[in-house]
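Overview (structure and organization)
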Amino acid sequence: REQTLNQLLVEMDGFEAKDNIILIAATNRPDILDPALLRPGRFDRQIVVDRPDRDGRAQILRVHTKGKPIAKSIDLAVLAGQTPGFTGADLANLVNEAALLAARKGKRVIEQTELEEGIMRVIAGPEKKSRILSEKERVVTAYHEMGHALVGHFLPDADPVHKISVVSRGQALGYTISMPTEDKFLTTRAQLEDQMAMTLGGRAAEELMFNEITTGAANDLEKVTSTAKQMTMRFGMSEKLGPRVLGHNQGAPFLGRDMHSEPDYSDDLARTIDSEIRRIIEEAHQRARDILTEHRDDLELLSQVLLKRETIERDEFLGLLAGEPEDVVFAERDAKAARAAAELERESDKDTAKPNKRMPYPAAPEALPEG
Ligand code: NHX
Ligand code: ZN
């Protein structure tokens, strides 16, 4: 590595102003670059490539859908709005997944359903229909997910609930997706607190309904612990500790150079940090329990609907909470499913007559990791 660096510096020193050579390089470890590389006359401009914003995502989607048969009804700006936090690679991936799905179904164009499934695959991985849960596990999963959803719904500063599902995807037996309404650059303390309560809503629902807890909340607990730790040690959000940073590498936790360096605070402060992290998590946990206790009827009713329907979309969730009967809430989806089934029937008849009228590029279903 040293030799590469030295050779690079030597070569760069050979440039004359008249050579018209611009050298561009990229790294995802800016923290460990040798300072010699960044001196004037060497790499002297830095362009930070952040995650794209909504407009950036629309433009990236334009690039990745070029040459792919996208239905005319698809608005890439809307799709960009449905993918906050996605990177360019995520967007490329979602379009590719959607194209494969459309091809596999023998469709001529990629439609909204395929794009939505593409989004879900990027967020949570492909569906694992083959993972068969026991009835008890399905029930626990439904209550766990509905716990997240209800706590999120009743807290003003949590992101709105987008989709709730007990269909396995990737590592997860179920999931609740909440999404910010717009790109966020700053997060308030209230937002972090509500987000933590929502994340603990799954475990809290298990406690209230079954007086028993499971290993399933592991990932939720990791998220909550990390948030509470950052609030205390990085964002100065503990009144007891004040607006200060505690510990090293707070700027880039995963890029840290010296992972095992000494703490920069006393043993005494370490105890306070621990107790603050603990207090923040316990308060979020208690808030989740309070909300679910208050809305226990909703929890029971909606969890049963979730068990039956497997996935609940935002509008359906709001309808059910407003007291609309299940068959009314799902009328649109049921009608659409019936139409799609009829359509598929007709399409497959046509395809047998004219087998060449399929999508122009090869479907590669065997390339998809599907459980
Ligand atoms: C297992 N998975 O490992 C099974 C397959 C509480 C109903 N035996 O919190 O599925 O138990 O709201 C990355 C992402 C472990 C790493 C997810 C490591 C999940 C998901 C455990 C639902 N939904 N948990 C959830 C869940 C599990 C796990 C992970 C991870 C459950 C819960 C996983
Ligand atoms: Zn969970």
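Residues numbered from 1 in each chain as written. Chains lettered and ligands numbered in written order. Predicted model: local features only at pLDDT ≥ 70, side-chain atom pairs only at ≥ 80, totals over all residues. Heavy atoms only, no water.

On to the pairing of strand E1 (residues 161–165). Within E1, four of the five residues are buried, which leaves the element mostly enclosed by the surrounding structure. In terms of strand pairing, E1 meets strand E2 (residues 175–178) through four bridges, oriented antiparallel. Bridging across to E2, isoleucine 164 finds its partner in threonine 176. Summarising the sheet, E1 and strand E3 (residues 311–313) pair through three bridges and their orientation is antiparallel. Within E3, the position partnered with serine 165 by the bridge is threonine 311. (Buried < 20%, exposed > 50% of the residue type's maximum accessible area, 1.4 Å probe, protein only. Helix = DSSP H or I, 4+ residues; strand = E, 2+ residues; numbered from the N terminus. Pairing = 2+ DSSP bridges.)

Our focus in this paragraph is the coordination of the zinc ion (ligand 2). The coordination sphere of the zinc ion (ligand 2), as far as protein atoms go, consists of His144 (NE2), His148 (NE2) and Asp220 (OD), spread over 2.0 to 2.1 Å. Mapping the donors of the zinc ion (ligand 2) onto the primary sequence yields the spacing H-x3-H-x71-D. Of the two residues, histidine 148 is situated in helix H6 (residues 135–154) and aspartate 220 in helix H8 (residues 218–233); the sequence distance between them amounts to 72 residues. A single burial state applies to histidine 148 and to aspartate 220, both of which are buried. (Donors = N, O, S within 2.8 Å, 3.2 Å for Na, K, Ca; no water.)

With the rule as written, the count across this model stands at one aromatic pair. Ring geometry for tyrosine 143 versus phenylalanine 210: centroids 5.5 Å apart, planes at 90°, classification edge-to-face. With tyrosine 143 in helix H6 and phenylalanine 210 in helix H7 (residues 189–210), this pair connects stretches of sequence that are 67 residues apart. Among the residues examined, tyrosine 143 registers a relative accessible area of 6% and is labelled buried. (Phe/Tyr/Trp six-rings, centres within 6.5 Å; stacked < 30°, edge-to-face > 60°.)

The first and last C-alpha atoms of helix H5 (residues 112–124) sit 18 Å apart over 13 residues, in line with the 18 Å expected at 1.5 Å per residue. Regarding H5, the residues found buried are Glu114, Leu115, Glu117, Gly118, Ile119, Met120 and Arg121. Considering only its buried residues, H5 is in contact with helix H3 (76–81), helix H4 (88–104), E1 and E2. Taken from the residues just after H5, glycine 125 is the one with a positive phi, measuring 90°. (Expected span 1.5 Å × (residues − 1). Contact = heavy atoms within 4.5 Å.)

Once that is clear, we can look at the nonpolar core. Counting residues in each nonpolar core, the largest one holds 47 residues, and the members touching the most others are Met146, Val151, Ile164, Leu292, Leu299, Ile312 and Phe317. Listing elements by their share of this core, those giving two or more residues are H6, E1, H7, H8, helix H9 (267–294), helix H10 (296–309) and helix H11 (314–321). At nine residues, H7 tops the list of elements feeding residues into this core. Excluding its chain neighbours within four sequence positions, the residues that come into contact with valine 151 are Ala197, Met198, Gly201, Ala288, Ile291 and Leu292. Formed by 17 residues, the second largest nonpolar core is a distinct cluster that contains Ala71, Ile74, Val95 and Leu115. (Core = buried A, V, L, I, M, F, W, Y, C linked by side-chain atoms within 4.5 Å.)

Here we come to empty space enclosed by the protein. Scanning the entire structure with this criterion turns up one cavity of 30 Å³ or more. Considered as a void within the structure, the largest cavity measures approximately 40 Å³ in volume. The residue makeup of the lining of the largest cavity, split by class, is two nonpolar, two polar and four charged. (1 Å grid on protein atoms, 1.4 Å probe; cavity = no way out; pocket = protein on both sides within 12 Å on 5 of 7 lines; lining within 4 Å. Points joined across faces, edges and corners; volume = space filled by probe spheres on them. Nonpolar A, V, L, I, M, F, W, Y, C, P; charged D, E, K, R; others polar.)

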